[in-house]
Amino acid sequence: MKEPEDLGEHLTKKYGFAAAQQLKNPNHRLMTMGKEVGIQFENNRKIYNTIKAHAVMEYIKSKEGNEMANKFMEVLYKNYFELAQSIDDHDKLIEWSKNVGSTLSDTELRDVMDNTSKQFYEVQQKDQMWKRQFRISGVPFYIIGGDENDEDAITFSGAYPADYIAEQLKLASQNA
């Protein structure tokens, strides 16, 4: 398993020194937009392998529905982006699933995390293909008015103010 990587080091390798320096700028667009919607990004965090978190989310979705999976993702995002917690830790992922009301057993969730390559290979392949189709490269990513088969879906990525998201919802409802 790949070791977690410091966010600043990761950004430097991937995008160059200037990108990593933006982490220190409290007026950077991402920081400002995050604050507008109540997100206080913690930039002193690590980059973790997300396969276990994705497997748990997909499993919750398959067993308990989208609403429960969305609740889990909200808690996951808060713990990662704001509290700099590991999203590759079995105990934390199980705890967060319980915090949102999931009734799945610890044993069941551990089995999902231990067998991610077997159980969710097909789901992950479909997900990767779908992300390439929509050119998804970051989170949050929004799809309004459709799904992976709907070319008329409104899509956008990033932390946007509530007014912008409301405009997109209104536009989608007019197109429905």
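What you are looking at is a predicted structure, and each value in this text was computed from that prediction instead of being measured.

(A) Expanded view of the environment of Lys78. Its location among the elements puts Lys78 in helix α5 (residues 66-82). Judged by relative accessible area, which is 41%, Lys78 ranks as partly exposed. Through-space distance from the C-alpha of Lys78 to that of Pro161 is 17 Å; in sequence the pair is 83 residues apart.

(B) Region of the structure containing the packing of aromatic side chains. Scanning the model with the defined rule gives four aromatic pairs in all. Summarising the aromatic geometry, the rings of Tyr80 and Phe81 are spaced 4.9 Å apart at their centres and angled 70° between planes, so their arrangement reads as edge-to-face. Here Tyr80 and Phe81 have matching classes, each one buried. One aromatic cluster is present, formed by Phe41, Tyr48, Tyr77, Tyr80 and Phe81 through successive ring pairs.

(C) Quick look at helix α1 (residues 7-15). Along α1, the positions that sit buried rather than exposed are Leu7, Gly8 and Leu11. Viewed along the axis of α1, the buried residues span an arc of 100°, placing them on a single side of the element. Its side-chain oxygen at 3.0 Å from the backbone nitrogen of Gly8, Asp6 defines the N-terminal cap of α1. Gly16, located one to two residues past α1, shows a positive phi value of around 105°.

(D) Highlighting the nonpolar core. If you look at the biggest cluster of nonpolar residues, it comprises 25 residues, and the most contacted ones within it are Ile60, Phe72, Leu76, Ile87, Leu93 and Leu109. Looking at this core, the elements that each hand over two or more residues are α4 (51-64), α5, α6 (90-99) and α7 (106-114). A total of seven residues in this core trace back to one element, the largest contributor, which is α5. Ignoring sequence-local partners within four residues, the contact set of Ile87 consists of Tyr48, Asn49, Thr50, Ala53, Leu76, Tyr80, Leu93 and Trp96. Counting eight residues, the second-largest nonpolar core is a separate cluster that includes Ile154, Phe156, Ala159 and Tyr160.

Rules of the game
- Residues numbered from 1 in each chain as written.
- Predicted model: local features only at pLDDT ≥ 70, side-chain atom pairs only at ≥ 80, totals over all residues.
- Heavy atoms only, no water.
- Helix = DSSP H or I, 4+ residues; strand = E, 2+ residues; numbered from the N terminus.
- Buried < 20%, exposed > 50% of the residue type's maximum accessible area, 1.4 Å probe, protein only.
- Phe/Tyr/Trp six-rings, centres within 6.5 Å; stacked < 30°, edge-to-face > 60°.
- Arc of directions from axis to C-beta.
- Polar contact = N/O pair within 3.5 Å; in protein donor to acceptor, adjacent residues only side chain to side chain.
- Core = buried A, V, L, I, M, F, W, Y, C linked by side-chain atoms within 4.5 Å.
- Contact = heavy atoms within 4.5 Å.

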